[in-house]
Amino acid sequence: LPLLLEATLLQLASGSHHPFYNGFYYNHLMNDKGNGQEKGILGIGRAGGKWGLQVVIYFNGAKLVVETSKDPVYSSSGANVTLPCYYHYEPDLEAKRKIRIKWSKLRDDYTKEQDVLVAIGKTYVAFGDFRGRAHLHQAGRREASLVVSDVRLQDDGKYRCEVIDGLEDESDVVDLRLQGIVFPYQPPRGQYQLNFHEAERVCQEQGAILATFNQLFQAWSEGLDWCNAGWLADGTVQYPIRLPRKPCGGLHLAPGIRSYGPRHRHLHRFDAFCFSSALRGEVFYLDHLAGMTLEEAKQSCQDAGAEIARVGQLYSAWKFLGLDRCDAGWLADGSVRYPIAKPRANCGPAEPGVRSFGFPSKGRFGVFCYKER
């Protein structure tokens, strides 16, 4: 029987000019119907004097091509976005194919993927945070675009569109970038008090997330200059310098992002760089003649049908809505700040920005409130 199996399989493989390698080889032949579709044979054979499993795969001879947007796709928090993806064959195949589509979210270093969605035909399954928010857009022929609704801050990043046709598998990557703002953050207890996990938490408490390197680089290119080192989402510690100076890496270094590299996420302590996107609501200012304590400020926002604003919300309102107020106000973390879009006398430095009075233990100020639309 073994000799019969070997003879039969060797006869089936006689038309192949491809080497038998590690027990597997591929044979580019049409099937017996001549329609170019795949056909496979599984059997037992011997190569190099050893018996093993042999798989003969007949491909259709057409090349599968997957294409996504070469330019980044921009969106903002709370919006809906479509990540384009299309596939075709070279040369074209008219017959319908049973295609499997998979979308994954990549880390910046491409070392790990997060499953987003898998689909066969009109049946699909979304995973994790994308469950209930992701589906395919297949309006056109051979379209595999991904629609993500209610975009969240953590959705920013690179996505892989993968198309699987039998054993053929091709993919391409599209970059989703959220329009947002990076801001440095220190807690009330002062500079360099946060390990990585605490930095993650304080950013979330301020309506933001830890910034990625790409987001910090974009902020630097737009003018961010900050001499205190802070955590980023990948566990590295870095800081952006536009104007080289002695306390910030030295005068001899060119402008750029200074890096301490990866740090111990539990033991090492720094500040944080947080990232916040555009708002779905509005930030407004309230004041009393005598000012308010922090607790009175929180109550005033509640009485107005709102909540006391977070730091990330104030930065977003300043960045995207042009919020300009030369009056200091409480925020949710106990800090007192005010946003200046049009610099003028008696309103701080000559550059636009969010000014900070720190975390006063006493004092009476106005308050910035936030209300969803």
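Remember, predicted model here, so these are calculated numbers, not experimental data.

### Here we look at the pattern of salt bridges
If you walk through the whole model with that rule in mind, you get 17 salt bridges. One salt bridge connects Arg142 with Asp92, and the closest N-O pair in it is separated by 2.6 Å. Here Arg142, found in the loop between β11 (134-137) and β12 (145-148), pairs with Asp92, found in the loop between β7 (85-90) and β8 (100-106); they are 50 residues apart in sequence, far enough to count as distant. We classify Arg142 as buried; its relative accessible area is 11%. The class of Asp92 is partly exposed, set by a relative accessible area of 41%. Note that Asp155 is salt-bridged to Arg133, the shortest N-O span being 2.9 Å.

### A look at the environment of Leu106
Mapped onto the fold, Leu106 is located in strand β8. The class of Leu106 is buried, set by a relative accessible area of 4%. Expressed as a C-alpha distance, the spacing of Leu106 and Gly157, which sit 51 residues apart in the sequence, is 7.1 Å. Apart from residues no more than four positions distant in its own chain, Leu106 is found in contact with Lys112, Glu113, Lys158, Arg160 and Val173.

### Notes on unusual backbone geometry
The residue after Glu90, namely Pro91, is reached through a cis peptide bond having omega -5 degrees. Here Pro91 lies in the loop between β7 and β8. A positive phi angle, close to 55 degrees, is found at Arg142, a residue other than glycine. The backbone phi angle of Tyr192 is positive, close to 55 degrees, even though this residue is not glycine. When you line up the elements, Tyr192 lands in the loop between β15 (180-185) and α2 (196-205).

### With respect to the confidence of the model for the protein chain
Residues at a pLDDT of 70 or more form 83% of the protein chain, whose mean pLDDT is 85. Note that residues 1-59 has pLDDT below 50 and, in this model, 87 contacts with residues that lie over four places away or in other chains.

### Notes on the nonpolar core
Core analysis: the biggest nonpolar cluster contains 90 residues, and Leu83, Trp103, Leu146, Tyr159, Val283 and Phe368 have the highest contact counts within it. With five residues, the single largest contributor to this core is helix α5 (residues 311-321). In contact with Tyr159, other than residues within four places in its own chain, are Leu83, Trp103, Ser104, Lys105, Val116, Phe130, Leu146, Asp172, Val173, Val174 and Leu176.

### Comments concerning the packing of aromatic side chains
What characterises a pair of aromatic rings is the spacing of the ring centres plus the angle enclosed by the ring planes. All told, the structure shown has 13 aromatic pairs when counted by the stated rule. Ring geometry for Phe217 against Trp220: centres 5.4 Å apart, planes inclined by 40 degrees, an arrangement best described as tilted. Taken as a pair, Phe217 and Trp220 lie in helix α3 (residues 213-221) at a separation of three residues, close to a single helical turn. Trp220 sits in the buried class, given a relative accessible area of 15%. Seen from their ring centres, Trp330 and Phe365 are 5.5 Å apart, and the 85 degrees between their planes marks the pair as edge-to-face. Of this pair, Trp330 sits in strand β23 (residues 329-330) while Phe365 sits in the loop between β25 (353-356) and β26 (366-372), placing them 35 residues apart in sequence. An aromatic cluster of at least three residues, connected via ring pairs, comprises Tyr192, Phe196, Trp231, Tyr239, Tyr260 and Phe270. When the ring centre of Trp220 is taken as reference, the NZ or CZ atom of Arg242 above it lies at 5.4 Å. Against the face of Phe196 rests Arg265, its NZ or CZ located 4.3 Å from the ring centre.

### A closer look at the state of the cysteines
This model, assessed by the stated rule, comprises five disulfides. With its sulfur 2.0 Å from that of its partner, Cys85 forms a disulfide with Cys161. With the S-S dihedral at roughly -80 degrees, the linkage between Cys85 and Cys161 falls on the left-handed side. Of the two residues, Cys85 sits in strand β7 while Cys161 sits in strand β13 (residues 157-165), which places them 76 residues apart along the sequence. Overall, Cys85 belongs to the buried group, its relative accessible area being 0%. You can call Cys161 buried: its relative accessible area is 0%. Ordinal numbering of bonded cysteines along the protein chain defines a disulfide pattern of 1-2, 3-6, 4-5, 7-10, 8-9.

Cut-offs and rules
Residues numbered from 1 in each chain as written. Predicted model: local features only at pLDDT ≥ 70, side-chain atom pairs only at ≥ 80, totals over all residues. Heavy atoms only, no water. Salt bridge = Lys/Arg side-chain N within 4 Å of Asp/Glu carboxyl O. Helix = DSSP H or I, 4+ residues; strand = E, 2+ residues; numbered from the N terminus. Buried < 20%, exposed > 50% of the residue type's maximum accessible area, 1.4 Å probe, protein only. Contact = heavy atoms within 4.5 Å. pLDDT = per-residue confidence, 0-100. Core = buried A, V, L, I, M, F, W, Y, C linked by side-chain atoms within 4.5 Å. Phe/Tyr/Trp six-rings, centres within 6.5 Å; stacked < 30°, edge-to-face > 60°. Lys NZ or Arg CZ within 6 Å of the ring centre and 35° of its normal. Disulfide = S-S within 2.5 Å.

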